[in-house]
Amino acid sequence: MSNRVTGKLVFEYTLKSRQLRKNPSWDLQKNRLGCVEQWHFSSSRLPNMKLIAADSLQIRHVRIFSTFSPSSAIKEKKKMTAELSSTGTRSRTRNETKYEGRSLVKKIPSNTLLIQKDLERVFQEVLDALDHNGCMSSQLICKALISVKQWSFSRTNRTNASRNTSSNEITLKLMHSIMEQKDQDKLWNDLAQCENFVKILESYIMSTRAKDTPENCLPHIIGLLDRLERMIGIYPQIKPTLKCYNVAIDIVSKCKNRQDNKIQEIESLIERARKHCLQLPNSTSYNSLLLAYTQQHDKGCTTEAAAAKSETFLRKMQNNPNTQSLVDSVSYNIVINAWAKSDSTKRKNHSSYAAMRAENLLLEMQKHYVNGCTNLRPNLVTFTSVINAWSRISAKDVDAAQRATDILDLLDQSSKFDDNLRPNAYTFHAVMNAWSNSTLPHAAKRVESYLDQMIERFSAGDKGMMPSTISFSIAIKAWARSDDRGNATKALALLHHMILLSKEGYPAAPDVATLSSVLRAVANDSSKVEKISDAMKILEFVKDLKLSPDLTIYNNILRCCMTTRSDDVAIMQKSVRLATETLVNIRKTPGITPDPYTFNYYIKVCDRLTCGDEKIKLIRTAFQFCIDSQQFSAPVLSIMKNALTPQELQDIIKIEGVSELQIDDFPAAWKSEVKKARSSSRHRNTKSR
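What you see is a predicted model; the values in this text were computed from it and never measured.

Trainee: Talk me through unusual backbone geometry; I want residue IDs and the actual numbers.
Mentor: Despite not being glycine, Lys546 shows a phi value in the positive range, around 55°. Relative to the helices and strands, Lys546 resides in the loop between helix 24 (532–544) and helix 25 (551–562). A positive phi angle, close to 65°, is found at Lys654, a residue other than glycine. By the secondary structure assignment, Lys654 is in the loop between helix 30 (646–653) and helix 31 (674–688). Relative accessible area serves as the criterion here: at 67%, Lys654 is assigned to the exposed category.

Structure follows, in structure tokens:
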């Protein structure tokens, strides 16, 4: 489109905008949008445009001209100035032209290539038109779609996320308007003749995928592909692109409600793409199918079996000449990640089977890469996944933590030749988790040494090593699990370091899990006699940080009270008072239900730090709360038998011969939720223990 025609369209648009403000009507709106239909912004043309804006008689007149030719730019500027001065005299200076008391200021921005406010107004009116009357002509919709698409891909718009979002919203509304038309066949026949409509449909499919859940958008996208495939015989130019099918395949692989026939659906979509697309299915297509194999554990098979199936399919791809070249590092990473997340600990004498499979695949990738397969180069995700595999079993395999360290050392050596393989915080977190779960002596010191390395590398300029809440939480958890003397002091020092960093703006603010681990470290520290002051300080941190305590926090406070060893009466009374207040808070706090551990710890506090009538009174109150919350269990009964005499136990429970009874002999209403509560509490406490 020539520059003169473009200027004319913009001028007509401004005139119709002025008329529309005085007399709103749908016909005038359509005429105004007719200017928008022809106003296309080519991404190849935009970088070479500049504009001159003139303000005359309250009408904004815009001219866009190419700066490729200086002579043509000067001629265009002279023509515009002559038109503006044709009805009056003017006097010009170097930077300003005066016309009837109004100023014409020449504006030639160096980077801004079109008037963004005018564009936003144009496309907002497209949306208003759709809201006002959805019955727009198919040609108008198609041309508006092209304008929006070209604008969204223009160089000017790429740097502005909000405008890109606006263009996506307009595209979605225009496409929804298409779907709501009554005469679908006629409309789609018109759309099929629209230039670049398949590209627009591809953009629409991707926008729909980003805005909705896989379960909701899949039927809609499959319906669009079905309609396009039916029209290929009439309009060969509208063949769906491979990206459209890959989006649909990716959605199927991530749907949670299609586990029964997920693999069959993906294989069907791959065959449809092979038949209807100009391109054959690529690595993205088959990697989504490979991902579906790793998710077969949802159908009932174990995670280890799902990982084995995914590796079997990987071998099948490698042995097939048609798909051999499609196997890449992403394919290996999917299978390695499946093994890393699988559970092989139930294997007798072979709990490290899954981690070994993951490591062998990494070594296999390295071998292929050395032999010339550049698409099988291991990346940072590969190494981190293998380290995660070893960290999952380090509690049961004494060699697992060292194997994770060996992988990190290998990664460090590789990073000397490839900067993309430089370890980051996620890699260090995986190694730290491996040592945190380890039962080896001085494991907590190894974890803190890795934290120190992270801080040192970050201080040296490695931004990927920024310590965070997760970094410190892993180190504190390691000290909480440690039997070393002084572990509480180490955990508290790390907590104070976190608070200082968070005040300086780093993402290292303690959370509930962190504070719970600190409490557990205090409770487990045998060198501390008085633990109540530390527990109360941590409660103050919870309030200062405006966190909501959960059951793990309360249970670990009870553990601190339970493990207090002191002959000082004041300290003993203080511990009993804090334990009782904690039990009351659990009862008063909505959404928190006690578990058997809660009553185990509290009854032990009463047994160790109280005596006589006070002890019986506190245990009676705790027992009543226990049966009210349906948490009476065999451990609670055993602790009560140890803490009370047979007569005291009978007075509290009020059942004859209670000292000879077993847990199954008590009313079911006291323990109806015990099994469920016990399993959930073990899951919760596993994170803090």
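Trainee: Give me the lowdown on the packing of helix 10 (residues 214–231) against helix 12 (residues 262–276), citing residues and values where you can.
Mentor: Between helix 10 and helix 12, the least distance of the axes is 12 Å, while the angle of their chain directions is 30°. In this view, helix 10 runs roughly parallel relative to helix 12, as classed from their interaxial angle. Classified by chirality, the crossing of helix 12 by helix 10 is left-handed. On the side of helix 10, the interface is formed by Ile222, Leu225, Asp226 and Glu229, while helix 12 contributes Leu269, Arg272 and His276. Residue composition of the contact of helix 10 with helix 12, by class: 3 nonpolar, 1 polar and 3 charged.

Trainee: Quick one: what's the story with the state of the cysteines, residue by residue and with numbers?
Mentor: Within the structure shown, the criterion is met by 0 disulfides. We note that Cys560 lacks a disulfide partner, and the nearest cysteine sulfur, in Cys561, lies 6.8 Å from it. The exposure class assigned to Cys560 is buried, which follows from its relative accessible area of 0%.

Trainee: Give a detailed account of the packing of helix 21 (residues 469–481) against helix 22 (residues 487–503), specifying residues and quantitative values.
Mentor: It is at 9 Å that the axes of helix 21 and helix 22 come closest, and there the two elements cross at 170°. With respect to helix 22, the axis of helix 21 lies roughly antiparallel. Counted together, Thr469, Phe472, Ala475, Ile476 and Trp479 of helix 21 and Asn487, Lys490, Ala491, Leu494, Leu495, His497, Met498 and Leu501 of helix 22 form the full contact between these two elements. Here the contact of helix 21 with helix 22 is built from residues that sort into 9 nonpolar, 3 polar and 1 charged.

Trainee: Outline the side chain of Arg357, supporting the account with residue identities and numerical values.
Mentor: Looking at the secondary structure, you find Arg357 in helix 16 (residues 353–370). In this structure Arg357 comes out as buried when scored by relative accessible area, which is 19%. Engagement of the side chain of Arg357 in a polar contact is seen with the side chain of Glu311, the distance being 2.3 Å. The residues touching Arg357, leaving out its near neighbours within four places in the chain, are Glu311, Arg315 and Trp339.

Trainee: Now, about the pattern of salt bridges: what can you tell me, with residues and values included?
Mentor: Counted by the stated rule, this structure contains 13 salt bridges. A cluster of three or more residues bridged by salt bridges with shared partners is formed by Glu311, Arg315, Arg357 and Glu364.

Trainee: Can you break down helix 16 residue by residue, with the values?
Mentor: Spanning 18 residues, helix 16 covers 26 Å between terminal C-alpha atoms, matching the ideal 26 Å at 1.5 Å per step. Listed as buried for helix 16 are Ala354, Ala355, Arg357, Ala358, Glu359, Leu361, Leu362 and Met365. Looking at the buried positions of helix 16, the neighbouring elements they touch are helix 14 (303–319), helix 15 (329–341), helix 17 (380–392) and helix 18 (400–415). Gly372 occupies a position one or two residues after helix 16 and carries a positive phi of about 115°.

Trainee: Quick rundown of the environment of Ser394? Include the residues and the values.
Mentor: In this fold, Ser394 is placed in the loop between helix 17 and helix 18. When the C-alpha atoms of Ser394 and Leu440 are compared, they prove to be 9.4 Å apart, with 46 residues separating the residues in sequence. Excluding residues within four positions of it along the chain, Ser394 makes contact with Ala400, Ala401, Asn433, Ala434, Asn437, Ser438 and Thr439.

Trainee: I'd love a proper account of the packing of aromatic side chains, names of residues and values included.
Mentor: As enumerated under the stated definition, the model contains 11 aromatic pairs in all. Seen in terms of ring centroids, Trp339 and Tyr353 are 5.7 Å apart; in terms of plane orientation they differ by 80°. Their pairing is edge-to-face. Of this pair, Trp339 sits in helix 15 while Tyr353 sits in helix 16, placing them 14 residues apart in sequence. On the numbers, 5.9 Å between centres and 80° between planes, the contact of Phe458 with Tyr506 is edge-to-face. Placement of the pair is Phe458 in helix 20 (residues 443–459) and Tyr506 in the loop between helix 22 and helix 23 (512–524), with a sequence separation of 48 residues. Look at Phe458 and you get buried, because its relative accessible area is 14%. An aromatic cluster is built from Phe623, Phe632, Phe666 and Trp670, whose rings are joined through pairwise contacts.

Rules used throughout
- Residues numbered from 1 in each chain as written.
- Predicted model: local features only at pLDDT ≥ 70, side-chain atom pairs only at ≥ 80, totals over all residues.
- Heavy atoms only, no water.
- Helix = DSSP H or I, 4+ residues; strand = E, 2+ residues; numbered from the N terminus.
- Buried < 20%, exposed > 50% of the residue type's maximum accessible area, 1.4 Å probe, protein only.
- Axes fitted to C-alpha atoms, helices over the stretch in contact; angles between N-to-C directions.
- Parallel < 35°, antiparallel > 145°, perpendicular 65-115°, else oblique.
- Left-handed = near helix turned anticlockwise from the far one by under 90°.
- Contact = heavy atoms within 4.5 Å.
- Nonpolar A, V, L, I, M, F, W, Y, C, P; charged D, E, K, R; others polar.
- Disulfide = S-S within 2.5 Å.
- Polar contact = N/O pair within 3.5 Å; in protein donor to acceptor, adjacent residues only side chain to side chain.
- Salt bridge = Lys/Arg side-chain N within 4 Å of Asp/Glu carboxyl O.
- Expected span 1.5 Å × (residues − 1).
- Phe/Tyr/Trp six-rings, centres within 6.5 Å; stacked < 30°, edge-to-face > 60°.

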